[in-house]
Amino acid sequence: KLVYLLAYPSREAREASWKAFFADADWQDVRKKTEANGPIVAKVESVLLGPTDYSPEVKPAAAGERVFELRTYTASAGNLGNLNARFRNHTLKLFEKHGMTNVGYWNPLEGQPGAGETLVYILAHRSVESAKASFDAFRQDPDWLAARKASEEKAGGPLTVKDGVKSVFMKATDFSPMR
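Residues numbered from 1 in each chain as written. Predicted model: local features only at pLDDT ≥ 70, side-chain atom pairs only at ≥ 80, totals over all residues. Heavy atoms only, no water.

Right, let's talk about the nonpolar core for a bit. Membership of the largest hydrophobic core comes to 18 residues, with the highest contact counts inside it found for Leu 83, Phe 87, Phe 95, Tyr 105, Leu 119 and Tyr 121. With nine residues, the next largest nonpolar core counts Phe 68, Val 103, Val 120 and Ala 124 among its residues. (Core = buried A, V, L, I, M, F, W, Y, C linked by side-chain atoms within 4.5 Å. Buried < 20%, exposed > 50% of the residue type's maximum accessible area, 1.4 Å probe, protein only.)

Take the environment of Gly 64 next. Tracing the chain through its elements places Gly 64 in the loop between β1 (49-51) and β2 (67-75). By relative accessible area, Gly 64 is classed as partly exposed at 45%. Spatially, the C-alpha atom of Gly 64 lies 16 Å from that of Ala 131, the residues being 67 residues apart in sequence. (Helix = DSSP H or I, 4+ residues; strand = E, 2+ residues; numbered from the N terminus.)

A cluster of nonpolar residues, Leu 2, Tyr 4, Leu 6 and Phe 175, forms a patch on the protein surface that exposes about 490 Å² of accessible area. With respect to the helices, strands and loops of the structure, Leu 2 is situated in the segment before α1 (11-23). In this structure Leu 2 comes out as exposed when scored by relative accessible area, which is 55%. (Patch = residues over 30% accessible without salt bridge, like charges linked within 9 Å, V, L, I, M, F, W, Y side chains within 5 Å. Areas by Shrake-Rupley, 256 points an atom, 1.4 Å probe, with all protein chains shown as cover. Salt bridge = Lys/Arg side-chain N within 4 Å of Asp/Glu carboxyl O.)

A few words now on the pattern of salt bridges. Where charged atoms of side chains with opposite charge meet at close range, the side chains can pair. Inspection of the entire model under this criterion finds 13 salt bridges. For Asp 136, the salt bridge identified is with Arg 139, shortest N-O distance 3.9 Å. Note that Asp 136 and Arg 139 are positioned in helix α4 (residues 128-140) at a spacing of three residues, about one turn of the helix. Two residues, Glu 152 and Arg 148, come together in a salt bridge whose shortest N-O distance is 3.3 Å. Placement of both Glu 152 and Arg 148 in helix α5 (residues 142-155) is noted, with a separation of four residues, approximately one turn of the helix.

What follows deals with the environment of Gln 28. Turning to its location among the elements, Gln 28 is positioned in helix α2 (residues 25-34). Separated by ten residues in sequence, Gln 28 and Trp 18 place their C-alpha atoms 13 Å apart. The residues contacting Gln 28, other than those within four sequence positions of it, are Phe 22 and Ala 23. (Contact = heavy atoms within 4.5 Å.)

If you add up the space inside the second largest pocket, you get close to 300 Å³. Broken down by secondary-structure element, the contributors of at least two residues to the lining of the second largest pocket are β2, α3 (80-97), α4, α5 and β5 (160-170). Of the residues assigned to the lining of the second largest pocket, the class counts are ten nonpolar, two polar and five charged. (1 Å grid on protein atoms, 1.4 Å probe; cavity = no way out; pocket = protein on both sides within 12 Å on 5 of 7 lines; lining within 4 Å. Points joined across faces, edges and corners; volume = space filled by probe spheres on them. Nonpolar A, V, L, I, M, F, W, Y, C, P; charged D, E, K, R; others polar.)

Moving on: unusual backbone geometry. Of note, Asp 163 is a non-glycine position whose phi angle comes to about 60°, a positive value. Note that Asp 163 resides in strand β5. The exposure class of Asp 163 is exposed, given its relative accessible area of 57%.

What follows concerns the side chain of Asn 107. Turning to its location among the elements, Asn 107 is positioned in strand β3 (residues 101-108). Only 2.8 Å separates the side chain of Asn 107 from the backbone oxygen of Thr 118, close enough to count as a polar contact. Dropping the residues within four chain positions of it, Asn 107 is found in contact with Leu 48, Leu 49, Gly 50, Thr 52, Leu 80, Asn 84, Thr 118 and Leu 119. (Polar contact = N/O pair within 3.5 Å; in protein donor to acceptor, adjacent residues only side chain to side chain.)

The following block contains the structure:
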């Protein structure tokens, strides 16, 4: 599975860029050659995301060997705002405190799958093992426990649905501007 993020100034600019890309003769030639023995892509999933107001600016850079963790949260009914508030006011700082690098935070745009209920973010870690150690320490941090308790009391229950937190570890490709 190949996961990538592209940025556009607007939805209209996105549409124009893809239209030009697919019409490009060089692209058509490459596609023809790479698919000479059949398609190389089984499925494409695309979701338009907008950055949260607390997301750091994504600055692609090669920062040595590291892994990336794509995390997707599905908020319980009506709680995406509360979930974003907890991340904005507490979680990002605590992730940094425990050795995790905040790469970016997004919500699906209106009309997209998961809009109004989903938070998608990426963390960087030195390794999968360091990610586990960081999260173990984070989950025991008294500041995290207090923030979680207060946010759930305010919301009247958990901020995510049962099994609503998904995690996928990723390794940057050799051609990625972010490594």
